[in-house]
Amino acid sequence: MTEQAPEPFEPVDEDWQTAVAIVAHPDDMEYGGAAAVARWTAQGKKVIYVMVTSGEAGIDSMGPEECGPLREAEQIASARVVGVETVEFLGYPDGVVEYGLPLRRDIARVVRRHRPDIVITSNFRESYGGVLLNQADHIAVGRAALDGVRDAGNRWVFRELLDEGHEPWNGVRQIWAVASPQARHAVDTTDTFDLGVASLEEHKAYLTGLGGAMADAREFLEGFGRGAGTRLGTRFAVPFEVFPLR
């Protein structure tokens, strides 16, 4: 009995101008999504990065006070490789992010300020498909992104944002979760794959502290990108679970 091949991916909609990526940690976009961002900035699109934490709990051999600023600097350098000039950090504590009203409010504020067409977040399912469990911050941030985007369009939710001068924004057309095991869409990153590798390699201290298979940026991203590329009919691709809002 032969195993049934997965269904082909559909291309994501690229008829947009501005996207905001809201993820938990520095490096979250680089483990898959950065090559797609490089494609879009080359097309003249604007992409903004928002990190909920500064990743200060991510290196075992380095205390948070030293690690946080270092990881912020690495993320800013990494983003520039793929054409992202604006990187923001919300300052939540790394490793213990909680889904709740404060996080939803802060995400709604981000969306109202930047007024994007697309919001990108990371996989928030319990696993990456199979036995690899997801991390708690990814789950909390992804779930809050879904709700915070909708909150951004309702003037009667978080009314204090109006007092701050942030008018509602209902212009987000879709939310995309990178690397979700329930992805049905993808974008061709064959031409920007090397930029994705270079972007991940900017996280020098983090990769050194991480060690193992995920510390080899090219090898990890080749496996990730080829798997999605096979289902899109390209050499490399980045998969997304797509949530339409309009």
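Report on the accompanying structure. Predicted model, so just to flag it, every value in this text is computed and none were measured. (Residues numbered from 1 in each chain as written. Predicted model: local features only at pLDDT ≥ 70, side-chain atom pairs only at ≥ 80, totals over all residues. Heavy atoms only, no water.)

Digging into the overall build of the protein chain
Now for step 1: Across its full length, the protein chain holds eight helices and eight strands.
Now for step 2: In terms of C-alpha radius of gyration, the protein chain reaches 17 Å, essentially the compact-globule figure of 18 Å for 246 residues.
Now for step 3: For the protein chain, the C-alpha atoms occupy an extent of roughly 55 × 45 × 40 Å along the three principal directions.
Now for step 4: Counting all 246 residues of the protein chain, 53% fall into the buried class.
Now for step 5: For the protein chain, the exposed surface amounts to about 11400 Å²; the carbon and sulfur share of it is 50%.
Now for step 6: Taken as two groups, the 24 positive and 38 negative side-chain charges of the protein chain have centres that lie 7 Å from each other. (Helix = DSSP H or I, 4+ residues; strand = E, 2+ residues; numbered from the N terminus. Rg over C-alpha atoms; globule rule 2.2 N^0.38 Å. Buried < 20%, exposed > 50% of the residue type's maximum accessible area, 1.4 Å probe, protein only. Areas by Shrake-Rupley, 256 points an atom, 1.4 Å probe, with all protein chains shown as cover. Lys, Arg positive; Asp, Glu negative; His and termini not counted. Charge placed at Lys NZ, Arg CZ, Asp CG, Glu CD.)

Looking at unusual backbone geometry
Now for step 1: Not every positive phi belongs to a glycine, and Asp-27 is a case in point at roughly 90°.
Now for step 2: When you line up the elements, Asp-27 lands in the loop between strand E2 (18-23) and helix H1 (34-42).
Now for step 3: Within the chain, Arg-115 stands out as a residue other than glycine whose phi angle is a positive 55°.
Now for step 4: Relative to the assigned elements, Arg-115 resides in the loop between helix H3 (101-114) and strand E5 (118-122).
Now for step 5: Looking at Arg-115, the relative accessible area reads 31%, which means it is partly exposed.

Side note on the pattern of salt bridges
Now for step 1: Counted according to the given criterion, the structure contains 14 salt bridges.
Now for step 2: Asp-106 is the partner of Arg-109 in a salt bridge, and the nearest nitrogen-oxygen pair spans 2.6 Å. Here Arg-109 and its partner Asp-106 are both found in helix H3, three residues apart, which amounts to about one turn of the helix.
Now for step 3: One salt bridge in this structure joins Arg-109 and Glu-164, with 2.8 Å as the shortest N-O distance. With Arg-109 in helix H3 and Glu-164 in the loop between helix H5 (160-163) and strand E6 (174-178), the pair connects residues that are 55 residues apart, well separated along the chain.
Now for step 4: Each of Asp-106, Arg-109 and Glu-164 takes part in a single network of salt bridges with overlapping partners. (Salt bridge = Lys/Arg side-chain N within 4 Å of Asp/Glu carboxyl O.)

What to know about the pairing of strand E3 (residues 46-53)
Now for step 1: Most of E3 is tucked away: seven of the eight residues are buried.
Now for step 2: Relative to E3, E2 is paired through six bridges, and the arrangement is parallel. Across the sheet, Thr-18 pairs through a bridge with Lys-46, a residue of E3.
Now for step 3: Of the crossover connections in this fold, the one passing from E2 over H1 to the parallel E3 is right-handed.
Now for step 4: Pairing analysis gives four bridges linking E3 to strand E4 (residues 87-92), with the strands arranged parallel. Residue pairing in the sheet places Met-51 in a bridge with Phe-89 of E4.
Now for step 5: Handedness of the crossover is the feature at issue here: the chain leaves E3, passes through helix H2 (residues 64-81), returns alongside E4, and the resulting connection is right-handed. (Pairing = 2+ DSSP bridges. Right-handed = clockwise from strand over helix to strand, strands pointing away.)

So, the environment of Asp-117
Now for step 1: Mapping Asp-117 onto the fold places it in the loop between H3 and E5.
Now for step 2: Separated by 77 residues in the primary sequence, Asp-117 and Trp-40 place their C-alpha atoms 13 Å from one another.
Now for step 3: Look past the residues within four positions of Asp-117 in its chain and what remains in contact with it is Trp-16, Gln-17, Thr-18, Gly-171, Val-172, Arg-173 and Gln-174. (Contact = heavy atoms within 4.5 Å.)

Things to note about the environment of Gly-91
Now for step 1: Position of Gly-91 among the secondary structure elements: in strand E4.
Now for step 2: Each C-alpha atom of the pair Gly-91 and Ser-54 lies 6.4 Å from the other, and the pair is 37 residues apart in sequence.

Focus: the environment of Asp-137
Now for step 1: Along the chain, the position of Asp-137 falls in helix H4 (residues 136-152).
Now for step 2: Residue Asp-137 is classed as buried on the basis of its relative accessible area, which comes to 0%.
Now for step 3: For the pair Asp-137 and His-25, spaced 112 residues apart in sequence, the C-alpha separation works out to 8.3 Å.
Now for step 4: Non-local contacts of Asp-137, meaning those with residues more than four positions away in its chain, are made with Ala-24, His-25, Thr-53, Asp-94, Gly-95, Val-96 and Val-97.

Points about empty space enclosed by the protein
Now for step 1: Enumeration over the complete set of coordinates arrives at one cavity of 30 Å³ or more.
Now for step 2: For the largest cavity, the calculated volume is near 80 Å³.
Now for step 3: As for the largest cavity, its lining consists of 13 residues, and the residues nearest its centre are Gly-32, Ala-35, Phe-193, Leu-221 and Phe-224.
Now for step 4: When residues of the lining of the largest cavity are traced back to their parent elements, those giving at least two are H1, helix H6 (193-201), helix H8 (217-232) and strand E8 (237-244).
Now for step 5: In terms of residue count, H8 provides more of the lining of the largest cavity than any other element does, three residues in total. (1 Å grid on protein atoms, 1.4 Å probe; cavity = no way out; pocket = protein on both sides within 12 Å on 5 of 7 lines; lining within 4 Å. Points joined across faces, edges and corners; volume = space filled by probe spheres on them.)

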